[in-house]
Amino acid sequence: QVQLVESGGDLAQAGGSLRLACEARGNIFSINMMAWYRQAPGKERELVATIDSDDKTNYANSVKGRFTISRDKAKHTAYLQMNTLKPDDTAVYYCNAHLRTVGTFGNYLYWGQGTQVTVSS
């Protein structure tokens, strides 16, 4: 019914930039919160950034000042602008959305399948 499609993951050099996008597709009524997570091999999935329905944002300490999360509500899309990339940013980045579909009452949690970000030095 609903799919979250991530894009923008690529190879980058240390100090470079990438822009990720997450589009929620389907019969969507509204989206409450969207977030980006990441997971490196052998490590637990960690929260990177969140943005709520009032456009309030929250960031992990490791990315503050370098990453910016934003959203286009009309397009049901969240973005993650990543600047001054470091090798430690290498991970699979996953989009998360808490949303309501047309004809339903409650919000449900959805995950994207991930997009690979690799930063070399």
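The structure we're discussing is the one just above.
Residues numbered from 1 in each chain as written. Predicted model: local features only at pLDDT ≥ 70, side-chain atom pairs only at ≥ 80, totals over all residues. Heavy atoms only, no water.

Caption draft 1: A look at the overall build of the chain. Within the chain, the secondary structure is distributed over zero helices and 11 strands. When the helices and strands of the chain are read in sequence order from the N terminus, they spell out β-β-β-β-β-β-β-β-β-β-β. The C-alpha atoms of the chain give a radius of gyration of 14 Å, which matches the 14 Å a tight globule of 121 residues would have. Taken over the C-alpha atoms alone, the chain extends approximately 50 × 25 × 25 Å along its principal axes. Relative to its 121 residues, the chain shows a buried fraction of 38%. In the chain, of all internal contacts separated by at least 6 residues, the share reaching a separation of at least 24 is 56%. With an accessible surface of roughly 6,800 Å², the chain has 46% of that area assigned to carbon and sulfur atoms. Treating the 13 positive side-chain charges of the chain as one cloud and the 11 negative ones as another, the clouds have centres 2 Å apart. (Helix = DSSP H or I, 4+ residues; strand = E, 2+ residues; numbered from the N terminus. Rg over C-alpha atoms; globule rule 2.2 N^0.38 Å. Buried < 20%, exposed > 50% of the residue type's maximum accessible area, 1.4 Å probe, protein only. Contact = heavy atoms within 4.5 Å. Areas by Shrake-Rupley, 256 points an atom, 1.4 Å probe, with all protein chains shown as cover. Lys, Arg positive; Asp, Glu negative; His and termini not counted. Charge placed at Lys NZ, Arg CZ, Asp CG, Glu CD.)

Caption draft 2: Layout of the pattern of salt bridges. Under the criterion given, the structure shown has five salt bridges. Asp-89 is the partner of Arg-38 in a salt bridge, and the nearest nitrogen-oxygen pair spans 3.0 Å. Of the two residues, Arg-38 sits in strand β4 (residues 28–39) while Asp-89 sits in the loop between β8 (77–82) and β9 (91–101), which places them 51 residues apart along the sequence. The same class applies to Arg-38 as to Asp-89, namely buried. The partner of Asp-52 in a salt bridge is Lys-56, and the shortest N-O contact between them spans 3.9 Å. Owing to a relative accessible area of 53%, Lys-56 belongs among the exposed residues under this scheme. A single network of salt bridges, built from pairs that share partners, joins Arg-38, Glu-46, Arg-66 and Asp-89. (Salt bridge = Lys/Arg side-chain N within 4 Å of Asp/Glu carboxyl O.)

Caption draft 3: Representation of the packing of aromatic side chains. Overall, the coordinates contain one aromatic pair when judged by the stated rule. Ring geometry for Tyr-37 and Trp-111: centres 4.9 Å apart, planes at 55°, overall tilted. Here Tyr-37 is found in strand β4, whereas its partner Trp-111 is found in strand β10 (residues 108–111), with 74 residues between them in sequence. In this structure Tyr-37 comes out as partly exposed when scored by relative accessible area, which is 21%. Across the ring face of Tyr-94, the terminal group of Arg-45 is positioned such that the distance to the ring centre comes to 3.8 Å. (Phe/Tyr/Trp six-rings, centres within 6.5 Å; stacked < 30°, edge-to-face > 60°. Lys NZ or Arg CZ within 6 Å of the ring centre and 35° of its normal.)

Caption draft 4: Highlighting the nonpolar core. Counting 30 residues, the largest nonpolar core has Trp-36, Leu-80, Met-82 and Tyr-93 as the members making the most contacts within it. The set of elements that each furnish at least two residues to this core consists of β3 (18–25), β4, β5 (46–51), β7 (67–72), β8, β9 and β11 (115–120). For this core, the leading source of residues is β9, giving five residues. Not counting chain neighbours up to four residues away, the residues in contact with Leu-80 comprise Leu-18, Arg-19, Leu-20, Trp-36, Val-48, Ala-49, Phe-67, Thr-68, Ile-69 and Tyr-93. (Core = buried A, V, L, I, M, F, W, Y, C linked by side-chain atoms within 4.5 Å.)

Caption draft 5: Looking closely at unusual backbone geometry. Residue Asp-55 is not a glycine yet carries a positive backbone phi of 65°. Asp-55 sits in the partly exposed class, given a relative accessible area of 43%. Of note, the phi angle at His-76 is positive, near 55°, even though the residue is not glycine. Summarising the element assignment, His-76 is placed in the loop between β7 and β8. Under the relative-accessibility criterion, His-76 is labelled partly exposed at 24%.

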